[in-house]
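# Architecture and fold: a report
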Amino acid sequence: MATTLTDSQKPFSLDPYHVSDVFGFILPAPLTELPPYYQPWMDIAQHVTELIYSHTLRSHILKMPLLNTRFLESHRELRLAHLALSVMTMGYVWQEGENDTVKILPRNLAVPYWKVSQRLGLPPILTHADAVLANWKKRDPHGPFDMENLELLVTLPGGDSVRGFFMVTLLVELAAVPAIKSIPLVINGVQCGDAETVTRALEEISQAMEGMTDALKLMHAYVKPDVFYGIIRIYLSGWKDNSSMPAGLVYEGIQAEPMEYSGGSAAQSSLLHCFDELLGVKHEENCGAFLTRMRNYMPSSHKHLIQDISLQPSLRGFVQQEASELLTAAFQLCVTKLMALRSYHINVVSCFITIPAARARQLRRQGNSSQEETVSRAPTALEETGTGGSGIMSFLKTVRDRTRDVSLPLDNRAMQKSTNGAQPQNTQYTTHQTHLQSNTF
Ligand code: HEM
């Protein structure tokens, strides 16, 4: 008689979580057009930048018809609709900068935006899932997935730098795909005590983390710091913990009270949340609360993946229990590479926020903050906080330092063997080896 496996006995798989084998969390082949009924949205969304520059976006949006969302059927249609409504909303709110914001998002934008957001499980604001994961197409469909052959579906002010910012972030997501695909191998390997498979999968993950750092380095080649700081950033910022929008935003036709949402940030990428849960990284109260809140800004299936990884038996506990040098080295290499990625990201933030912010302050002090200096156009409300609303540097350093806490001590010899890709000589792993045995090496 055939036996059926219960959920907890089935191998862990990425299938239920809408994660692509080729693209990871990136939406594969996003649609570029909606059904013709929604053309009034696309006509505005595809020209948001020009309309902002001519100060006419708000008036165009006010004249837009109130469309019914029930003709949007597929997931990809909903994602394009969310992206289009998101760039319109960011443009509508920030068209005149930080000093002339709005209190109300008009009904013809707010009602469909709310409904599409509800169906996707996303908040009604521009998220990483919109601007990065669902905002790309290949110029030549048969060409490579690289900077030269990729373009945005919709954009915001900032020219080549805004394209660079979203596309480099997309390439970081792509570099992470081998790591995401290795997560089930780690979890299933731990379940059945297969230390050799876990070791190999962890090596794959650490290599992908290094690839992510390399991709992040492209930010310097494709994004100008003063354009990012002075022009792009305000359009990514939200109406929570933002002194330019202290009361939040009323979504007309949804509820009379204003609502607060954080702006778009790669803290909403599911990647590092998955790695933290897998490795057992625990964040301090405030940082942890912010990061956990960011999970509500992810597509719901990706959020569930992170939750389900967190419910698995402890990988770190398994590594300690196995007391294998190679396994410990592979685990430790993941911790080291994740810390290196976070440290490099801190450098990027310093270059793109801290330094331009200091320059803007200096110009202001000298009474020299003319609009010709790009950094001077930046909103002052965002100087000390991230677009997601966090106090940037101390937050990022604390998050990086908590990563270190899961380190497992190992001797240099094992680390060298692992980085050289040496294979274990004796692969007879069992789940019940003890620490004591490892101390006899
Ligand atoms: C110019 C480029 C970038 C800047 C200026 C930047 C800025 C920031 C800021 C200010 C935060 C603090 C949280 C917030 O307020 O939103 C943050 C968090 C974060 N960013 Fe970025 N970021 C950049 C690129 C990226 C890229 C390409 C990634 C990779 C996908 C990334 C991943 C993260 C993550 C994962 C966090 C949460 C903290 C952590 O887990 O370490 N960032 N970023």
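Residues numbered from 1 in each chain as written. Predicted model: local features only at pLDDT ≥ 70, side-chain atom pairs only at ≥ 80, totals over all residues. Heavy atoms only, no water.

Further remarks concern the overall build of the protein chain. Broken down by element type, the protein chain carries 19 helices and 4 strands. For the protein chain, the share of sequence-separated contacts (at least 6 apart) that also reach a separation of at least 24 residues comes to 79%. For the protein chain, the accessible surface area stands at approximately 19700 Å², while carbon and sulfur atoms represent 52% of it. (Helix = DSSP H or I, 4+ residues; strand = E, 2+ residues; numbered from the N terminus. Contact = heavy atoms within 4.5 Å. Areas by Shrake-Rupley, 256 points an atom, 1.4 Å probe, with all protein chains shown as cover.)

Right, let's get into the pattern of salt bridges. Using the criterion set out here, one finds 12 salt bridges in the structure. Across the pair glutamate 151 and arginine 139 runs a salt bridge, and its minimum N-O distance is 2.8 Å. One end of the pair, glutamate 151, is in strand S3 (residues 150–151); the other, arginine 139, is in the loop between strand S2 (137–138) and S3, and 12 residues separate them in sequence. Its salt-bridge partner being arginine 404, residue aspartate 401 comes within 3.6 Å of it at the nearest N-O pair. Placement of both aspartate 401 and arginine 404 in helix H17 (residues 392–404) is noted, with a separation of 3 residues, approximately one turn of the helix. The exposure class assigned to aspartate 401 is partly exposed, which follows from its relative accessible area of 23%. (Salt bridge = Lys/Arg side-chain N within 4 Å of Asp/Glu carboxyl O. Buried < 20%, exposed > 50% of the residue type's maximum accessible area, 1.4 Å probe, protein only.)

What follows covers the coordination of the iron atom of the ligand. No protein donor other than His345 (NE2) coordinates the iron atom of the ligand, and that contact is at 2.1 Å. Relative to the assigned elements, histidine 345 resides in helix H16 (residues 325–365). (Donors = N, O, S within 2.8 Å, 3.2 Å for Na, K, Ca; no water.)

The residues that UniProt annotates with the feature "binding site: heme b" (unreviewed entry) are His345. Sequence-distant contacts of histidine 345, that is, excluding residues within four places in its chain, are made with Leu216 and Leu396. (UniProt positions renumbered as here; feature names shortened; annotations may be inferred.)

Turning our eyes to something else, we now look at unusual backbone geometry. Positive phi, close to 40 degrees, is recorded for alanine 29, a residue that is not glycine. The topology assignment puts alanine 29 in the segment before helix H1 (39–45). Positive phi, normally seen in glycine, also occurs at histidine 55, with a value near 55 degrees.

Okay, the packing of aromatic side chains next. Tallied over the entire structure, the rule returns 13 aromatic pairs. Arranged with centres 4.9 Å apart and planes meeting at 65 degrees, the rings of tryptophan 136 and phenylalanine 145 form a pair that is edge-to-face. You can call phenylalanine 145 buried: its relative accessible area is 16%. Here a set of aromatic residues connected by ring pairs shows up, and it is made of Tyr37, Tyr38, Trp41 and Phe71. Here the basic side chain of arginine 58 rests over the ring of tyrosine 92, its NZ or CZ set 5.8 Å away from the ring centre. Positioned above the aromatic ring of tyrosine 344 is the side chain of lysine 217, whose terminal nitrogen or guanidinium carbon lies 5.7 Å from the ring centre. (Phe/Tyr/Trp six-rings, centres within 6.5 Å; stacked < 30°, edge-to-face > 60°. Lys NZ or Arg CZ within 6 Å of the ring centre and 35° of its normal.)

Another point: the nonpolar core. Formed by 140 residues in total, the largest nonpolar core has its most connected members in Trp41, Met88, Leu202, Ile205, Trp239 and Leu315. In terms of residues, this core owes the most to one element, H16, which gives 16 residues. (Core = buried A, V, L, I, M, F, W, Y, C linked by side-chain atoms within 4.5 Å.)

Looking now at the packing of H16 against H17. Contact geometry for H16 and H17: axes closest at 9 Å, N-to-C directions at 170 degrees. As judged from the angle between their axes, H16 and H17 are roughly antiparallel. Residues Val335, Leu338, Met339, Arg342, Ser343, His345, Ile346, Val349, Ser350, Ile353 and Thr354 of H16 lie in contact with H17, whose contacting residues are Ile392, Met393, Leu396, Lys397, Val399, Arg400, Thr403 and Arg404. (Axes fitted to C-alpha atoms, helices over the stretch in contact; angles between N-to-C directions. Parallel < 35°, antiparallel > 145°, perpendicular 65-115°, else oblique.)

Burial runs high along helix H11 (residues 225–236): 10 of the 12 residues are buried. For H11, the set of buried residues is Val227, Phe228, Tyr229, Gly230, Ile231, Ile232, Arg233, Ile234, Tyr235 and Leu236. Summarising the contacts, the buried residues of H11 are in contact with helix H2 (48–53), helix H4 (75–94), helix H7 (159–175), H16 and H17.

Our focus in this paragraph is the environment of glycine 264. Position of glycine 264 among the secondary structure elements: in the loop between strand S4 (250–251) and helix H12 (270–279). Taking relative accessible area as the criterion, glycine 264 reaches 11% and is therefore assigned buried. Taking the C-alpha atoms as reference points, glycine 264 and asparagine 347, separated by 83 residues in sequence, lie 20 Å from one another.

Averaged over every residue, the pLDDT of the protein chain is 90; the share at 70 or more is 88%. Between residues 421–441, whose pLDDT stays under 50, and residues either more than four places distant or in other chains, the model counts 28 contacts. The ipTM assigned to the predicted complex is 0.97, against a pTM of 0.91. (pLDDT = per-residue confidence, 0-100.)

Attention now moves to the packing of helix H9 (residues 195–217) against H12. Running from N to C, H9 and H12 cross one another at 150 degrees; their axes reach a closest spacing of 13 Å. When the axis of H9 is compared with that of H12, the two are roughly antiparallel. Relative to H12, the crossing made by H9 is left-handed. For the pair formed by H9 and H12, the contact residues are Ile205, Met209 and Met212 on the first element and Leu271, Leu272, Phe275, Leu278 and Leu279 on the second. Grouping the amino acids of the contact of H9 with H12 by side-chain chemistry returns 8 nonpolar, no polar and no charged. (Left-handed = near helix turned anticlockwise from the far one by under 90°. Nonpolar A, V, L, I, M, F, W, Y, C, P; charged D, E, K, R; others polar.)

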